[in-house]
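Now for the letters of each chain:
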Amino acid sequence: MPRNIRLISTDFDGTLVDHDNDPVLDPACIDLIGELQRDGALWTINTGRSVELLESGLLDFDFPIRPDFILTSERDVFRPSRNGGKWEPYGDWNDRCAQAHAELFSSAGSVLSEIVDFVKQKTKARVIYLGTAAEGLIATSEEEMDRITEFIECVRARQPEFNYQRNTIYLRFCHADYHKGAALAELSRLIDVPREEIFAAGDHHNDVSMLDGRFAAMPACPGNAIDAVKKAVRSAAGYVAGREYGAGVHEALLHFAKS
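Quick notes on the rules
- Residues numbered from 1 in each chain as written.
- Predicted model: local features only at pLDDT ≥ 70, side-chain atom pairs only at ≥ 80, totals over all residues.
- Heavy atoms only, no water.
- Helix = DSSP H or I, 4+ residues; strand = E, 2+ residues; numbered from the N terminus.
- Buried < 20%, exposed > 50% of the residue type's maximum accessible area, 1.4 Å probe, protein only.
- Expected span 1.5 Å × (residues − 1).
- Pairing = 2+ DSSP bridges.
- Contact = heavy atoms within 4.5 Å.
- Axes fitted to C-alpha atoms, helices over the stretch in contact; angles between N-to-C directions.

Geometrically, the link from Asp 22 to Pro 23 is a cis peptide bond, its omega value of 5 degrees lying close to zero. Relative to the helices and strands, Pro 23 is located in the loop between β1 (7-10) and α1 (27-38). If you check the backbone angles, Ser 73 has positive phi at about 55 degrees while not being a glycine. A residue is classified by how much of its surface remains accessible, and Ser 73, at 16% relative accessible area, is buried. With a phi close to 60 degrees, Asp 192 is a non-glycine residue in the positive phi region.

Here it is, written out as structure tokens:
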């Protein structure tokens, strides 16, 4: 019997969007998502981009369809605005998320300082600041980021709620309870769609939380996904596509729709 896909959660860059290809979108994938939307499924983009950067991406890459919801900055939940704007916070999740992060960074000063010192003294990576607060890092290579995350894992052992989200050479500090998987779980609660009817697809470290089987019973990744993502998807009885980027998402959607 075909699986009932009621909620589709897709990463953006590296999953739907192939920046090195022309066109960057796989037409069959976008057509299928649009078809599923018309049949009643809901689609959310689950991304590390901010709302503004996601909107610019949808415009720049000429997306012919619109997501029903967006989950941004690997934590926030938005629905279409009812007041004439494009997006508005859905429920109180974003406020609770912001409060948890404010409390975390207020208490994690020593952990953060130790990480910043290591980065400045032992690597060529660059610390990104929001005002005077360290928000994240940009490494010079994936290998350098591997060294940095190994150090962070050691330091955060004394304050486990301090965590990070990583995508290629980019890293954002965050609260351990807020990630793509948690945002997806909150959206599914708000719209009353159970885990068993959720499809999720991503390609990199920051996608693992929505692909490990806890929040989506149909996890998938395109063939270009990193090994850690493929391992998580396989462990959750998901689908690792042979094709890459959007073509791989299309392949995975067809697999679950027919299985």
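Having put the structure on the table, let's press on.
Time to look at helix α6 (residues 180-191). For α6, with twelve residues, the first-to-last C-alpha span of 17 Å sits near the 16 Å given by 1.5 Å per residue. Extensive coverage of α6 is indicated by the burial of nine of its twelve residues. Listed as buried for α6 are Lys 180, Gly 181, Ala 182, Ala 183, Leu 184, Glu 186, Leu 187, Ser 188 and Ile 191.

Taken in spatial order, the eight strands of this open sheet run β5-β4-β3-β2-β1-β10-β11-β12, and their pairing is mixed. Of all strands in the sheet, those bounded by a partner on one side alone are β5 (87-89) and β12 (239-240). Pairing analysis gives three bridges linking strand β2 (residues 42-46) to strand β3 (residues 69-72), with the strands arranged parallel. Considered in β3, the bridge of Asn 46 is made with Leu 71. Packing of helix α2 (residues 51-60) onto the sheet brings it into contact with β2, β3, β4 (76-80) and β5, and relative to β3 it is tilted by some 125 degrees. Sitting on the sheet, helix α3 (residues 93-107) is in contact with β4 and β5, with an inclination near 155 degrees to β4.

That's the geometry; what it means functionally is another story.
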